[in-house]
Amino acid sequence: MPIERTLSILKPDATRRNLTGQINARLEAAGLRIVAQKRLHLTTAQAEAFYAVHRERGFFRDLVTFMTSGPVVAQVLEGENAVARNREVMGATDPAKAAPGTIRKDFAESIEANSAHGSDSAENAAVEIGFFFAAIEIVG
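What counts and how
Residues numbered from 1 in each chain as written. Predicted model: local features only at pLDDT ≥ 70, side-chain atom pairs only at ≥ 80, totals over all residues. Heavy atoms only, no water. Helix = DSSP H or I, 4+ residues; strand = E, 2+ residues; numbered from the N terminus. Rg over C-alpha atoms; globule rule 2.2 N^0.38 Å. Core = buried A, V, L, I, M, F, W, Y, C linked by side-chain atoms within 4.5 Å. Buried < 20%, exposed > 50% of the residue type's maximum accessible area, 1.4 Å probe, protein only. Contact = heavy atoms within 4.5 Å. Pairing = 2+ DSSP bridges. Axes fitted to C-alpha atoms, helices over the stretch in contact; angles between N-to-C directions. Phe/Tyr/Trp six-rings, centres within 6.5 Å; stacked < 30°, edge-to-face > 60°. Salt bridge = Lys/Arg side-chain N within 4 Å of Asp/Glu carboxyl O.

A. Representation of the overall build of the protein chain in the model. Along its length, the protein chain carries seven helices and four strands. Going residue by residue from the N terminus, the α and β elements of the protein chain occur as β-α-α-β-α-α-β-α-α-β-α. The C-alpha radius of gyration of the protein chain comes to 14 Å, within 12% of the 14 Å expected for a compact globule of 140 residues. Expressed as lengths along the three principal axes of its C-alpha atoms, the size of the protein chain is roughly 40 × 35 × 25 Å.

Here it is as structure tokens:
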């Protein structure tokens, strides 16, 4: 199985409720290593740029408002099939449809405030990681 890297963002609803440690423990228990991590407060311009792919969708403005409502924790995860593994640990976007024991089932407040973002492909992971991290900040 290939070793991959993926981006994870612990969203404002998770940081507001001090869930960072619990979520990180789940990620690590699933075999993912946190090789870079930073806490930051996204500006509107940063959130708009990061989520630009959704610009034409009805939820875009609410997403940007939510993602700028408090601090987030951006992190690079590394491991075998890291993209798929992280998405499995996160669970479905809609917490009502997420499997028991997943981050979103256990911690999400709503579809929007669903505690975590994860890259959906290795290609997008590379772009998303580059958005938040310089190569020198990633220590494997």
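B. Structural detail: the nonpolar core. In this structure, Ile9, Met67, Phe132 and Phe133 are the most contacted members of the largest nonpolar core, which totals 22 residues. Considering every element that reaches this core, the biggest residue donor is helix H4 (residues 60–67), with five residues.

C. Spatial organisation of the environment of Asp106. Summarising the element assignment, Asp106 is placed in helix H6 (residues 103–107). Residue Asp106 is classed as partly exposed on the basis of its relative accessible area, which comes to 38%. It is 28 Å that separates the C-alpha atoms of Asp106 and Gln46, two residues lying 60 residues apart in sequence. Apart from the residues within four sequence positions on either side, Asp106 is in contact with Arg26 and Gly101.

D. Here's a closer look at the sheet that holds strand S3 (residues 72–80). Taken in spatial order, the four strands line up as S2-S3-S1-S4 in an open sheet, and their pairing is antiparallel. In this open sheet, the two strands that pair with only one neighbour each are strand S2 (33–40) and strand S4 (116–118). Neighbour-to-neighbour, the strand axes of this sheet turn through a mean angle of 20°, independent of strand direction. With seven bridges connecting them, S2 and S3 associate as antiparallel partners. Residue pairing for S3: Arg39 is matched across the bridge by Val73. Where helix H5 (residues 82–90) meets the sheet, its contacts fall on strand S1 (3–10), S3 and S4, and the angle it forms with S1 comes to roughly 35°.

E. Fine view of the packing of aromatic side chains. Overall, the coordinates contain four aromatic pairs when judged by the stated rule. On the numbers, 4.8 Å between centres and 90° between planes, the contact of Phe50 with Tyr51 is edge-to-face. Exposure remark for Tyr51: the relative accessible area of 5% places this residue in the buried category. Summarising the aromatic geometry, the rings of Phe131 and Phe132 are spaced 5.0 Å apart at their centres and angled 70° between planes, so their arrangement reads as edge-to-face. Among the residues examined, Phe131 registers a relative accessible area of 36% and is labelled partly exposed. A relative accessible area of 9% places Phe132 in the buried class. Aromatic ring contacts, followed pair by pair, group Phe50, Tyr51, Phe131 and Phe132 into a single cluster.

F. Spatial organisation of the pattern of salt bridges. Going through the model one piece at a time under the given rule, you end up with nine salt bridges. Its salt-bridge partner being Glu137, residue Lys38 comes within 3.1 Å of it at the nearest N-O pair. Remark: Glu137 occurs in the segment after helix H7 (122–132) and Lys38 occurs in strand S2; sequence separation between them is 99 residues. Judged by relative accessible area, which is 25%, Lys38 ranks as partly exposed. On the basis of relative accessible area, Glu137 is assigned to the partly exposed category, the value being 36%.

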